[in-house]
Amino acid sequence: MILALVFIPLERAFPKDPEQKVLRKGWVTDLKYFMVSHLGIQLISFFTIIPIQVYLHQASNWELQQWIAAQPIWLQFIEILLVVDFGTYWIHRAMHEVPALWKIHAVHHSTEQMDWLASSRLHVLEILANRFAGYLPIFILGFAPSAVYAYLVFVSFHAIFIHANVRLRFPVLRWLIATPEFHHWHHSSEDAAVDKNYAGFLPVYDVLFGTTYLPTTTASRYGTRSNDVPEGIVGQFLYPFRSWLSGK
Ligand SMILES: [Zn+2]
Ligand SMILES: [Zn+2]
């Protein structure tokens, strides 16, 4: 509710595509994803992984972990961003460049109109892969729970924001943090934009690894190029399994 109250007026005030309706094509499917992932998986991970993290944090006596957890919270917050974004950059890139993994991630890219709700369209296998890649370094390095909470709340909002149908552009900032402009290009099916802008938050990883695409224009065409992902949530859940079994 809060997310809808924040993002729908924001999209109305600064629409990138003013013609696009709030109840656009595929919104019912994405609302189901929103319910399943935010109310289900996100809460489960919040209430299971965080206690494990708190436990590990208290149980461990590693000097490195203690040193990391003793740093100021704002510094740990930045370190978590740097570490997790590096891992998720490569997970995301593998999802695009390994054909079998693309079948999982194609579900996220199947949305043809971008808005805040489109961020929820993620296959459960992708959520698990990202959780694993994201949480493992947090566990191992032993960041303080308050820094982890702050990070989780922040990236949850940010992930929704970069999908939103907003025309807000940030001249210098767009090279420092992922903006809607940056991630909309990632979703574009235009040739030059395909397999670019993998970073979730820090475009510096795309710059370092040669995958940035950030022209002065904005993206306009979205979706997968093969256009073979079915529309409903069940069909989309089955899509990678069907593709693997049929060998396509
Ligand atoms: Zn992608
Ligand atoms: Zn996306």
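Throughout, residues of each chain are indexed from 1 in the direction in which the sequence is written. Lettering for chains starts from A, numbering for ligands starts from 1, and both go in the order in which the items are written. A pLDDT threshold of at least 70 governs which residues receive local features in this predicted model, and a stricter bar of 80 or more applies before side-chain atom pairs are shown or counted, although totals over entire chains, interfaces and linings include all residues. Excluded from the side-chain calculation are hydrogens and water; included are all heavy atoms of the structure.

Can you explain the coordination of the zinc ion (ligand 1)? Please cite residues and give values.
For the zinc ion (ligand 1), the full set of protein donor atoms is His92 (NE2), His96 (NE2), His105 (NE2), His109 (NE2) and His186 (NE2), at a range of 2.0 to 2.2 Å. Donor atoms are limited to N, O and S found within 2.8 Å of the metal ion, a distance that becomes 3.2 Å for Na, K and Ca. With water left out, some sites might look partial. Mapped onto the sequence, the residues coordinating the zinc ion (ligand 1) show the spacing H-x3-H-x8-H-x3-H-x76-H. The metal-metal distance between the zinc ion (ligand 1) and the zinc ion (ligand 2) is 5.9 Å. Highlighted residues: His92 in helix α4 (residues 73-97) and His186 in helix α8 (residues 180-187), separated in sequence by 94 residues. Throughout, exposure labels follow a simple rule: accessible area from a 1.4 Å probe, protein chains only, divided by the maximum for the residue type, with under 20% read as buried, over 50% as exposed, and the rest as partly exposed. Look at His92 and you get buried, because its relative accessible area is 12%. With a relative accessible area of 2%, His186 lands in the buried category. Strands here are runs of E lasting at least two residues and helices are runs of H or I lasting at least four, both read from the DSSP assignment and numbered beginning at the N terminus.

If you had to explain the pattern of salt bridges to someone new, which residues and values would you point to?
A carboxyl oxygen of Asp or Glu within 4 Å of a side-chain nitrogen of Lys or Arg is what we treat as a salt bridge. Taken as a whole and assessed by the stated rule, the structure comprises nine salt bridges. The residue Asp115 makes a salt bridge to Arg24 at a minimum N-O spacing of 2.6 Å. Remark: Arg24 occurs in the loop between α1 (2-13) and α2 (27-59) and Asp115 occurs in the loop between α5 (99-109) and α6 (124-141); sequence separation between them is 91 residues. Of the two residues, Asp115 and Arg24, both sit in the buried class. Two residues, Glu231 and Lys25, come together in a salt bridge whose shortest N-O distance is 3.3 Å. Here the residue Glu231 occupies a position in the loop between α9 (204-208) and α10 (233-246), and Lys25 occupies one in the loop between α1 and α2, the gap between them amounting to 206 residues. Of the residues examined, Lys25 reaches a relative accessible area of 44% and is grouped as partly exposed. Sharing partners across several salt bridges, the network here consists of Arg24, Asp30, Asp115 and Arg121.

Got a sec to walk through the coordination of the zinc ion (ligand 2)? Specific residues and values, please.
Taken together, His108 (NE2), His163 (NE2), His183 (NE2) and His187 (NE2) make up the protein donors of the zinc ion (ligand 2), found 2.0 to 2.1 Å from the metal. Square planar and octahedral assignments, for four and six donors respectively, both demand that opposite donors be over 155 degrees apart and that all other angles lie between 65 and 115; tetrahedral needs four donors with all angles between 85 and 135 degrees, and anything else is irregular. Relative to the metal, the four donor atoms surrounding the zinc ion (ligand 2) lie at angles of 93 to 159 degrees, and the coordination shape comes out irregular. Within one chain, the residues donating to the zinc ion (ligand 2) are spaced in sequence as H-x54-H-x19-H-x3-H.

Could you give me a rundown of the confidence of the model for the protein, with the residues and numbers involved?
Residue-level confidence of the predictor is what pLDDT reports, using numbers from 0 through 100. With 92% of its residues at a pLDDT of 70 or more, the protein has an overall mean of 87. Averaged over each element, pLDDT in the protein is lowest for α2 (73) and highest for α9 (97).

Can you break down unusual backbone geometry residue by residue, with the values?
Unlike most non-glycine residues, Asp195 shows phi in positive territory, near 60 degrees. Along the chain, the position of Asp195 falls in the loop between α8 and α9. In this model, Asn197 sits at a positive phi of 55 degrees, which is unusual for a non-glycine residue. With respect to the element layout, Asn197 can be found in the loop between α8 and α9.

Describe the nonpolar core, naming the residues involved and giving the relevant values.
As a rule of thumb, nonpolar side chains are buried together in soluble globular proteins. Ranked by size, the top nonpolar core spans 18 residues in total, and within it Ile80, Ile138, Phe143, Val148 and Tyr151 carry the most contacts. If you list the elements that add at least two residues to this core, you get α4, α6 and α7 (145-161). By residue number, the principal contributor to this core is α4, which donates five residues. Ile80 has contacts with Asp85, Ile138, Phe143, Ala147, Val148 and Tyr151, leaving out every residue within four places of it along the chain. Definition used in this section: a nonpolar core is a set of buried Ala, Val, Leu, Ile, Met, Phe, Trp, Tyr and Cys residues joined via side-chain atoms within 4.5 Å. Membership of the second largest hydrophobic core comes to ten residues, among which are Met114, Ala178, Trp185 and Ala219. Residue contacts follow a heavy-atom distance rule, with two residues in contact if any of their heavy atoms lie within 4.5 Å.

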